[in-house]
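So you can see what is in the structure, the chains are spelled out below.
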Amino acid sequence: KSNPKIRYTSIHETGIFPTGRGGVEEKGDFNNILNNPIKYGTKFNTYEPLLTEKSIPFIKEFNPSLVIVCAGYDALSSDELSNVLLQPDDYRKIS
């Protein structure tokens, strides 16, 4: 948020995590945060464009020397923590 040398982007279910945070209006002190909240029941056809058209370009324009990826599996349809409906094959497509 307050370090201009760091960029952060997240695709996450609205109201689940991060609690009370993660809205599109949160951009960081240096416009270095991009949140992509998604709705209950989101499938890959909605998730993929957020990744390929928003999150990846946001990171690429920063020209980072290091990228750290945290790919939580709570977006899987079988995970009880969230209500996102990605399938195992969707993770293969992402990677």
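In this numbering scheme, every chain counts its residues from 1 along its sequence in written order. Since the coordinates come from a predicted model, pLDDT governs what is reported: local features require at least 70, and pairs of side-chain atoms require 80 or more to be given and counted, while whole-chain, interface and lining totals use all residues. As a rule here, side-chain values come from all non-hydrogen atoms in the structure, and water together with hydrogens is ignored.

## A word on the nonpolar core
Logical step 1: Only buried residues count toward a nonpolar core. Its members are Ala, Val, Leu, Ile, Met, Phe, Trp, Tyr and Cys residues joined through side-chain atoms within 4.5 Å. Accessible area is worked out with a 1.4 Å probe on protein chains only. A residue is then buried under 20% of its type maximum, exposed over 50%, and partly exposed in between. Membership of the largest hydrophobic core is limited to eleven residues, which are Ile11, Ile38, Phe44, Tyr47, Leu50, Leu51, Ala75, Leu76, Val84, Leu86 and Tyr91.
Logical step 2: What counts as a helix is a DSSP run of H or I of at least four residues, what counts as a strand is a run of E of at least two, and both are numbered from the N terminus. Broken down by element, the residue count for this core peaks at four residues, all from helix 1 (residues 44–60).
Logical step 3: Any two residues having at least one pair of non-hydrogen atoms within 4.5 Å are treated as being in contact. Those residues in contact with Ile11 that sit more than four places away from it in its chain are Asn36, Ile38, Tyr47, Leu50, Leu51 and Ser55.

## Observations concerning the confidence of the model for the protein chain
Logical step 1: Here the protein chain shows a mean pLDDT of 91. Residues at 70 or above account for 98%.
Logical step 2: Per residue, pLDDT captures the predictor's confidence, and it can take any value from 0 to 100. The secondary-structure element of the protein chain with the lowest mean pLDDT is helix 2 (residues 88–94), recorded at 91, while helix 1 shows the highest, at 96.

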